[in-house]
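As a plain string of letters, each chain reads:
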Amino acid sequence: AQKITQTQPGMFVQEKEAVTLDCTYDTSDPSYGLFWYKQPSSGEMIFLIYQGSYDQQNATEGRYSLNFQKARKSANLVISASQLGDSAMYFCAMREVTGTGGFKTIFGAGTRLFVKA
Amino acid sequence: GAGVSQSPRYKVAKRGQDVALRCDPISGHVSLFWYQQALGQGPEFLTYFQNEAQLDKSGLPSDRFFAERPEGSVSTLKIQRTQQEDSAVYLCASSLQGGYNSPLHFGNGTRLTVT
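Trainee: Looking at this structure, I do not really get the layout of surface pockets. What am I missing?
Mentor: Remark: the empty space left among the atoms is shown by a probe the size of a water molecule rolled over them. Each pocket or cavity is described by its volume, and for the largest pocket that value is around 420 Å³. The wall of the largest pocket is formed by 22 residues, among which A:Gln39, A:Gly43, B:Leu39, B:Val89 and B:Arg111 lie closest to the centre. When residues of the lining of the largest pocket are traced back to their parent elements, those giving at least two are strand E9 (88-95) and strand E11 (110-114) of chain B. Of the residues belonging to the lining of the largest pocket, the class tally is 8 nonpolar, 11 polar and 3 charged.

Trainee: Explain the pattern of salt bridges here, please?
Mentor: All names here are of chain B. A full pass over the atoms with the stated rule returns 7 salt bridges over all chains. Glu68 is the salt-bridge partner of Lys78, the closest N and O atoms lying 3.4 Å from each other. Taken together, the residues span a long stretch of sequence, with Lys78 in strand E8 (residues 75-79) and Glu68 in strand E7 (residues 65-68) at a distance of 10 residues. Of the residues examined, Lys78 reaches a relative accessible area of 32% and is grouped as partly exposed. Glu68 sits in the partly exposed class, given a relative accessible area of 27%.

Trainee: It is not clear to me how the pairing of strand E6 (residues 46-52) of chain A should be interpreted in this structure. Could you clarify?
Mentor: In the case of a regular strand, side chains alternate between the two sheet surfaces. Residue and element names in this part refer to chain A. Where strand E5 (residues 33-39) meets E6, 6 bridges bridge the pair, whose relative direction is antiparallel. Bridge pairing links Gly33 to Gly52 in E6. Hairpin connection of E5 to E6: 6 residues between the antiparallel strands, including Gly43 at a positive phi of 105 degrees.

Trainee: Can you help me understand the side chain of B:Gln6 in this one?
Mentor: Residue and element names in this part refer to chain B. Relative to the elements of secondary structure, Gln6 occurs in strand E1 (residues 5-7). By relative accessible area, Gln6 is classed as buried at 10%. At 2.9 Å, the side chain of Gln6 forms a polar contact with the backbone oxygen of Tyr90. Polar side-chain contacts of Gln6 include one of 2.9 Å to the backbone nitrogen of Cys92. Filtering out sequence-adjacent residues up to four positions away, Gln6 remains in contact with Arg22, Trp34, Tyr90, Leu91, Cys92, Gly107, Asn108, Gly109 and Thr110.

Trainee: Got a minute to help me understand the sheet that holds E8(B) in this structure?
Mentor: All names here are of chain B. Pairing in this open sheet of 4 strands is antiparallel, and the strands run E1-E3-E8-E7 from one edge to the other. The sheet terminates laterally at E1 and E7, the two strands that pair on one side only. In this sheet, neighbouring strand axes are inclined to one another by 15 degrees on average, regardless of whether the strands run parallel or antiparallel. As paired elements, strand E3 (residues 19-24) and E8 share 5 bridges and run antiparallel to each other. Bridged to Ala20 within E8 is Lys78.

Trainee: Quick question: what am I supposed to make of the state of the cysteines here?
Mentor: Residue and element names in this part refer to chain A. One pass over the full model with this rule turns up 2 disulfides over all chains. Paired through a disulfide, Cys23 and Cys92 show a sulfur-sulfur distance of 2.0 Å. Every disulfide takes its handedness from the sign of the S-S torsion; for Cys23 and Cys92 that torsion is -65 degrees, giving left-handed. Pair noted here: Cys23 is in the loop between strand E3 (19-21) and strand E4 (24-25) and Cys92 is in strand E10 (residues 88-97), with a separation of 69 residues, a long-range link. Like Cys23, the residue Cys92 is buried in the burial classification.

Trainee: Sorry, what's going on with the interface of chain A and chain B here?
Mentor: Contacts between the two partners involve 26 residues from chain A, matched on the other side by 26 residues from chain B. Carbon and sulfur atoms make up 56% of the surface buried where chain A meets chain B, a total of about 2,000 Å² over both sides. On the chain A side of the contact with chain B, A:Met45, A:Arg95 and A:Phe103 bury the most area, a combined 30% of that side's loss. Linking chain A with chain B are 1 salt bridge. Notably, a salt bridge pairs B:Asp56 with A:Lys104, separated by 3.9 Å at the nearest N-O pair. Applying the counting rule to chain A against chain B returns 7 residue pairs in polar contact (both at pLDDT 80 or more). Mapped onto the side of chain A that touches chain B, the elements with two or more residues apiece are E5, E6, E10 and strand E11 (103-107) of chain A. The greatest single-element share of the side of chain A that touches chain B, amounting to 5 residues, is contributed by E10(A). Residues that form the side of chain A that touches chain B fall into these classes: 12 nonpolar, 9 polar and 5 charged.

Thresholds applied
Residues numbered from 1 in each chain as written. Chains lettered and ligands numbered in written order. Predicted model: local features only at pLDDT ≥ 70, side-chain atom pairs only at ≥ 80, totals over all residues. Heavy atoms only, no water. 1 Å grid on protein atoms, 1.4 Å probe; cavity = no way out; pocket = protein on both sides within 12 Å on 5 of 7 lines; lining within 4 Å. Points joined across faces, edges and corners; volume = space filled by probe spheres on them. Helix = DSSP H or I, 4+ residues; strand = E, 2+ residues; numbered from the N terminus. Nonpolar A, V, L, I, M, F, W, Y, C, P; charged D, E, K, R; others polar. Salt bridge = Lys/Arg side-chain N within 4 Å of Asp/Glu carboxyl O. Buried < 20%, exposed > 50% of the residue type's maximum accessible area, 1.4 Å probe, protein only. Pairing = 2+ DSSP bridges. Polar contact = N/O pair within 3.5 Å; in protein donor to acceptor, adjacent residues only side chain to side chain. Contact = heavy atoms within 4.5 Å. Axes fitted to C-alpha atoms, helices over the stretch in contact; angles between N-to-C directions. Disulfide = S-S within 2.5 Å. Buried area = accessible area lost by both parts, 1.4 Å probe.

Given below as structure tokens:
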């Protein structure tokens, strides 16, 4: 079963505008962590932002914020004041404990963001 | 080193050959993960180590795939008798600890092409 769903294969945004990338997740575990990563065309995966399942406030990191709606199991990424360098693939990910007591991070299929000048 | 290092960066193998992919994590990072990423897709979990213990190998697609981390630092992903469907980018990631809030630090990946 798909645990991380990103419904937008591609998104366009005008430079300097804000954009929201959607992510929903599925877990029965009350404890988990949610992450967003950026993957430019060069291929490296870059950690952007983290939200814990018990965090009361939405996480923010510079121009990135995470709109966390726990009851809806939604963790959307908001990028404010888009820049041309934001053009990349964006992955939502969830970290949860496995049956063997370790931690596993699983990823969504990604959203490709195109920033237009 | 400053980041996660993977080698080789590119590997071309003939179908049926064995390959070994190396990952050198950030020093002191307890957890190490291997992922397989097909073109245009998200990373798919393969296996996970905490120190030298392989705690989860549920994502390994077949018994041709084998991973080890004998001393709790460097890890090797081995693929025996490679098939064309094994062609992908193999990403290694490490994290400082095993908790919910520890982000993954990725290497640049090894692009495997099986001909």
